[in-house]
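# Structure at a glance
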Amino acid sequence: MTDRAAAPAFRTPEELDQRRVALLAFGKSKNMDAQAVRRLRFELFRGDAISRDEADALFEIERTRPECLEWSEFFVDTILDYLLWQQRPSGMLNEPKAEWLMGQVDRTQTLASFALLVAVLEEAHRTPGWYLAAVRGRAAKGWAAPEIARAA
């Protein structure tokens, strides 16, 4: 047994409020740059798991924000972590999360959202049987950059 205290299993209401405020402020911000993304990462995701509501909010920001490389990397990394690594068995994209992801990506249709689909293919140990064909189908529709679509 160690002397270190275990991290709390649940966030307090104050922590949830702080995360919600940080997400809302970031979504409304006119200035999206590397510094703003670093601030969001620090305020919201200090190595902590995210909730489905927070993942939904990240997709909403992705749908409404201009291109920003740092944001795109943060978005893909954070949602990928939510989908594959936050729950056991890790590395597996289950059916409900795969359906949720496809729905979000179909509503978003950005390069970063398609990159997320491909990143899941690269990192997941297992995906639903239909997932690869669904990603390829979206690539065939032409809304992904050619270099990313080839990866699918």
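Note that the structure is a prediction, hence the values are computed from the model and not measured.

Summed over the entire model, instances satisfying the criterion amount to two salt bridges. The salt bridge involving Arg 63 is made with Glu 60; its shortest N-O contact spans 3.2 Å. Residue Arg 63 and its partner Glu 60 are both found in helix H3 (residues 52-64); the two are separated by three residues, about one turn of the helix. By relative accessible area, Glu 60 is classed as partly exposed at 42%. For Asp 106, the salt bridge is made with Arg 138, and the minimal N-O distance between the two is 2.7 Å. You can see Asp 106 sitting in helix H5 (residues 95-108) and its partner Arg 138 sitting in helix H7 (residues 131-140), a full 32 residues away along the chain. Using a relative accessible area of 32% as the deciding quantity, one classes Asp 106 as partly exposed.

On to the confidence of the model for the chain, then. Averaged over every residue, the pLDDT of the chain is 82; residues scoring 70 or more account for 83%. Averaged pLDDT values over the elements of the chain bottom out at 52 in helix H8 (residues 146-151) and peak at 96 in H5. Low pLDDT (under 50) marks residues 1-9, which in the prediction has zero contacts with non-local residues, meaning those over four places away or in another chain.

Before going further, it helps to spend a moment on the nonpolar core. Counting residues in hydrophobic clusters, the biggest one holds 40 residues, and the most contacted among them are Trp 71, Ile 79 and Leu 101. Breaking this core down by element, the ones donating at least two residues are helix H1 (13-28), helix H2 (34-44), H3, helix H4 (69-84), H5, helix H6 (111-123) and H7. Among the elements that make up this core, the one with the highest residue count is H4 (nine residues). Apart from residues lying up to four places away in sequence, Leu 101 is in contact with Phe 59, Leu 83, Leu 116, Leu 117, Val 120 and Tyr 131.

Here the focus is a negative patch on the surface. A contiguous patch of negative charge on the surface is contributed by Glu 70, Glu 73, Asp 77, Asp 81, Glu 122 and Glu 123. For the negative patch, the elements supplying multiple residues, two or more each, are H4 and H6. Element by element, the count of residues in the negative patch is highest for H4, at four residues.

It is worth spelling out the side chain of Arg 138 at this point. Arg 138 sits in the buried class, given a relative accessible area of 15%. Looking at Arg 138, its side chain comes within polar contact range of the side chain of Asp 106, at 2.7 Å.

In this description, a pair of aromatic rings is defined by centroid distance and the angle of the planes. According to the stated counting rule, one finds six aromatic pairs in the structure shown. Here the aromatic rings of Trp 71 and Phe 74 are separated by 5.6 Å at their centres, their planes lie at 50 degrees, and the arrangement is tilted. With Trp 71 and Phe 74 both in helix H4, this residue pair falls three residues apart, about one helical turn. We classify Phe 74 as buried; its relative accessible area is 0%. By way of ring pairs, the aromatic residues Phe 59, Trp 71, Phe 74, Phe 75, Tyr 82 and Trp 100 are connected into one cluster. The ring of Tyr 82 has Lys 97 lying over it, and the distance from NZ or CZ to the ring centre is 4.4 Å.

Pro 89 follows Arg 88 through a cis peptide bond whose omega is -5 degrees. By the secondary structure assignment, Pro 89 is in the loop between H4 and H5. Positive phi, close to 50 degrees, is recorded for Gln 109, a residue that is not glycine. The topology assignment puts Gln 109 in the loop between H5 and H6.

Cut-offs applied
- Residues numbered from 1 in each chain as written.
- Predicted model: local features only at pLDDT ≥ 70, side-chain atom pairs only at ≥ 80, totals over all residues.
- Heavy atoms only, no water.
- Salt bridge = Lys/Arg side-chain N within 4 Å of Asp/Glu carboxyl O.
- Helix = DSSP H or I, 4+ residues; strand = E, 2+ residues; numbered from the N terminus.
- Buried < 20%, exposed > 50% of the residue type's maximum accessible area, 1.4 Å probe, protein only.
- pLDDT = per-residue confidence, 0-100.
- Contact = heavy atoms within 4.5 Å.
- Core = buried A, V, L, I, M, F, W, Y, C linked by side-chain atoms within 4.5 Å.
- Patch = residues over 30% accessible without salt bridge, like charges linked within 9 Å, V, L, I, M, F, W, Y side chains within 5 Å.
- Areas by Shrake-Rupley, 256 points an atom, 1.4 Å probe, with all protein chains shown as cover.
- Lys, Arg positive; Asp, Glu negative; His and termini not counted.
- Charge placed at Lys NZ, Arg CZ, Asp CG, Glu CD.
- Polar contact = N/O pair within 3.5 Å; in protein donor to acceptor, adjacent residues only side chain to side chain.
- Phe/Tyr/Trp six-rings, centres within 6.5 Å; stacked < 30°, edge-to-face > 60°.
- Lys NZ or Arg CZ within 6 Å of the ring centre and 35° of its normal.

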